[in-house]
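# Report on the structure
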Amino acid sequence: MTVVVLGGAGYIGSHTVDRLVEKGYDVAVIDNLITGHRAAVNPKARFYQGDIRDRGFLDRVFGTETNVEGVIHFAAFSIVPESMENPLKYFDNNTGGMITLLEAMKDHDIKRIIFSSTAATYGEPKQIPIKETDPQIPTNPYGESKLCMEKIIKWADKAYGIKFVALRYFNVAGAKDDGSIGEDHHPETHLVPIILQVAAGERDGLKIFGTDYPTKDGTNVRDYVHVMDLADAHILALEYLKDGHDSDAFNLGSSTGFSNKEILEAVRKATGQPIPAEDAPRRAGDPSTLIAASDKARKILGWKPQYDDVEEIIRTAWNWKQSHPKGYNDRGEA
Ligand code: UDP
């Protein structure tokens, strides 16, 4: 039996593929390599380059990979500010891509999907920590595109019996602890890798977006999970569906919040670098505080995150950064 991982050359996808291979699963990866990296894919996984919006391509892959026990779907755009400027790009790839994928799954009789959803589906929360049953009112098109995916799949489950697990990620950071794979976005927009670029001398300083939020120090508060712990949750979710359980959604977070200034301090400690920073205006679409209630995933999926120290998470990212100063170095840049 094969697990097909869409977006398996991306940051979270490549770590999940690595873990699946390590655990002995047979893995096939689909990725269009727009944001992913071929070198990030574990060589024991079969690789198909193509786009999830291309129905003919999906048919060819599912025609070759005929024994699929489930798909894990990461192939999506995920940058909040970009989604504010170009919402249709997000609805086309994320929401539209999901429809094409589900049609192909239906026709090839594939009945299980684990997919990346996000804390951004909740929008500005009414209460902290956020529970899975809380209202989902996104404040940006990225979150809305993912919420649409959640809604579409519920109906596909009812009509075609495609069982799903939606995993609502909070903030992800870190890298495999041997430093062989890690986070490499072009351009980079996420907080931890940006601060590490400053630590490495690639940027002059960090701009802290917004210092007047109603939080402990005025900066946004986020909940960070190690990428390998996230990878494990996908495998547990697949096994949960294979055991015959019903479709569901789970938050994946640590249940602890760190402000942007606290993350900056943690990176200063983990790297030993001074890291200059300046206050900057708010970034459009950012909710003030996002902290997960993650007891549901722990209880029902049996999820046990291995990393509970944010500095330790940052150290793994710094290890990757130092061993790969240019990331995968596959974008033809000097
Ligand atoms: N952020 C920041 N400066 C940066 C990049 C991000 O202050 O150069 C802030 C951002 O406004 C948010 C937090 O860091 O409050 C996390 O942002 P990120 O893009 O990493 O993840 P998101 O929460 O959008 O998924």
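Note that the coordinates shown come from a computational prediction; the quantities given were computed from them, not determined experimentally. Every chain is numbered independently, its residues counted from 1 as its sequence is written. Given that this is a predicted model, residues contribute local features only at a pLDDT of at least 70 and side-chain atom pairs are listed and counted only at 80 or more, while totals for whole chains, interfaces and linings are drawn from all residues. Hydrogens and waters are ignored; side-chain quantities use all the structure's heavy atoms.

### Some words on the pairing of strand 1 (residues 2-6)
Short version of the rule: Buried residues are those whose accessible area, probed at 1.4 Å on protein chains only, stays under 20% of the maximum for their type, while exposed residues exceed 50% and partly exposed ones sit between those limits. Helix numbering and strand numbering both begin at the N terminus, where a helix is a DSSP run of H or I of at least 4 residues and a strand a DSSP run of E of at least 2. Should DSSP find at least two bridges between two strands, the strands are taken to pair.
Most of strand 1 sits out of view: 5 of its 5 residues are buried. Of the two faces of strand 1, the one carrying Thr2, Val4 and Leu6 and the one carrying Val3 and Val5 are both buried. For strand 1 and strand 2 (residues 26-31), the ladder comprises 5 bridges, and the chain directions are parallel. If you follow threonine 2 over to strand 2, its bridge partner there is aspartate 26. Where strand 1 lies against strand 4 (residues 68-73), 5 bridges are found, and the strand directions are parallel. Note that in strand 4 the partner of leucine 6 across the bridge is histidine 73.

### Focus on helix 10 (residues 310-323)
Stated formally: What a helix is expected to span follows from its residue count: subtract one and scale by 1.5 Å. In this analysis, two residues are considered to be in contact whenever any of their non-hydrogen atoms come within 4.5 Å of each other. Polar contact is defined as a pair of N or O atoms within 3.5 Å, subject to the rule that within protein one atom must be able to donate a hydrogen and the other to accept it, and that residues adjacent in sequence are counted only when both atoms are side-chain atoms.
Taking 1.5 Å of rise per residue, 14 residues should cover 20 Å, and helix 10 covers 20 Å from first to last C-alpha, within 8% of that figure. Buried within helix 10 are the following residues: Val310, Ile313, Ile314, Thr316, Ala317, Trp318, Trp320 and Lys321. The elements touched by buried residues of helix 10 are strand 7 (171-173), helix 6 (191-199), strand 10 (224-226), strand 12 (258-259) and helix 8 (260-271). Two to three positions downstream of the cap, the backbone nitrogen of glutamate 311 sits 3.0 Å from a side-chain oxygen, assigning the N-cap of helix 10 to aspartate 309.

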